[in-house]
Amino acid sequence: MNASQGRQWPDTHTVVTPSPSPHSHVASSPSAQGKGTRYIAREPDANGIIHYSTEEHATWQTLMERQMALVEGRVCREYRQGLERLALPHDRIPQLGEIDRVLKATTGWQTARVPALIPFTRFFELLAAKRFPVATFIRSPQELDYLQEPDIFHEIFGHCPMLTNPAFAEFTATYGRLGLAASKEERVYLARLYWMTVEFGMLRERQSDGSNALRLYGGGIISSPRETRYALDELGDTLGRPEHLDFDPVEALRTPYRIDILQPLYYVLKSLDDLHELAGRDIMALVHDAMRIGLKTPRFAPKDAGATSA
Ligand SMILES: C[C@H](O)[C@H](O)[C@H]1CNc2nc(N)[nH]c(=O)c2N1
Ligand SMILES: N[C@@H](Cc1ccccc1)C(=O)O
Ligand SMILES: [Fe+2]
């Protein structure tokens, strides 16, 4: 664990309350409403080690046991390969340095310690520099199956396995560079593209019997036991049923979303190569197309103003 790990970026242990998300209808986390995040970021000690409590390690262990069983047969092979390479501990929250060693060796990426949701500017800066933001708090036992803010289990278990895949990592870095150069308004559209792929993307994967099975690659689905099953339409009507549309970049750019609910709609790639191919296109031209056509009608109720939870 290199001691400077947490200090390569201006230390952000003060809770950053990002400006309210510009996404229309996105009721982002309480932090964005200036109420400060409900979670307390954990800071490393002088040796760069973050000390978690027994209960926090136990939460990680429960999540690992639950998700390691659930992801079998539900995630794409690139994710599974990344998860094997990361060889995450089951009984304790890993230190960021342990994750960095594998990411650096596979795609040259590393993590960056952040308090919780961070503003777009900071987010794009990090991605452009091949650093992935990792909030260092973990969800409470009451929110095990779904929580409204990205915690360390979401960032590490949800996102880091895919970041060991070169094509996916390249798309993410390209996306970060675009975001850096984009205007405020363009960034709001770019955020939707990220949301519909890196966060909540799915793909069709050819199976040995020739069939095409629906598989997960989006970190926001994979880190939530509830959303993992809901996204694959395994929960029947109890929580409503998701819709699956073939991925189209302009459609994704036009689709409003909320960060605090199970997603009503998932875009499905034909293959992960679609992202690699997209990284080579003029994405900003697609953003301008989406702006010209305008937003799609939201498939969710707007978050009622006063509520702080969905
Ligand atoms: C587009 C994206 O999902 C979201 O808006 C950004 C902003 N801030 C973030 N902050 C953190 N910690 N993690 C994230 O994934 C993001 N994503
Ligand atoms: N809902 C995800 C966490 C998350 C929240 C908000 C944005 C992205 C991810 C989970 O439960 O693991
Ligand atoms: Fe995420």
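Residues numbered from 1 in each chain as written. Chains lettered and ligands numbered in written order. Predicted model: local features only at pLDDT ≥ 70, side-chain atom pairs only at ≥ 80, totals over all residues. Heavy atoms only, no water.

In plain terms, the rule: UniProt positions are given in the numbering used here, feature names are shortened, and annotations may be inferred rather than shown by experiment.
You'll find the protein chain entered in an unreviewed UniProt entry as Phenylalanine-4-hydroxylase, with Cobetia crustatorum given as the organism. The UniProt entry for the protein chain carries the following text under Cofactor (unreviewed entry): "Fe(2+)". Under Catalytic activity (unreviewed entry), UniProt gives the following word-for-word description of the protein chain: "(6R)-L-erythro-5,6,7,8-tetrahydrobiopterin + L-phenylalanine + O2 = (4aS,6R)-4a-hydroxy-L-erythro-5,6,7,8-tetrahydrobiopterin + L-tyrosine".

1. Topic: the UniProt feature "binding site: Fe cation" (unreviewed entry) in the protein chain
The criterion, for reference: Numbering of helices and strands starts at the N terminus; helices are DSSP runs of H or I of at least 4 residues and strands are runs of E of at least 2. Note on definitions: a residue-residue contact is assigned when non-hydrogen atoms from the two residues lie within 4.5 Å. Two N or O atoms count as a polar contact when they lie within 3.5 Å, although within protein this holds only if one can serve as hydrogen donor and the other as acceptor, and sequence-adjacent residues are included solely when both atoms are side-chain atoms. Burial classes follow relative accessibility: with a 1.4 Å probe on protein chains only, a residue under 20% of its type's maximum area counts as buried, one over 50% as exposed, and anything between as partly exposed.
UniProt annotation of "binding site: Fe cation" (unreviewed entry) refers to H154, H159 and E199 when read in the numbering used here. These annotated residues cover 46 residues of sequence, but their C-alpha atoms sit close together, with the largest distance between any two at 9.9 Å. On the secondary structure map, H154 appears in helix α5 (residues 152–159). Here H154 is in contact with R139, H159, E199, G219, G220 and S223, once residues within four sequence places are set aside. Only 3.4 Å separates the side chain of H154 from the side chain of E199, close enough to count as a polar contact. By the secondary structure assignment, E199 is in helix α7 (residues 184–199). We classify E199 as buried; its relative accessible area is 11%. Ignoring any residue separated from it by four or fewer positions in sequence, one finds E199 in contact with H154, H159, Y194, G218, G219, G220 and I221.

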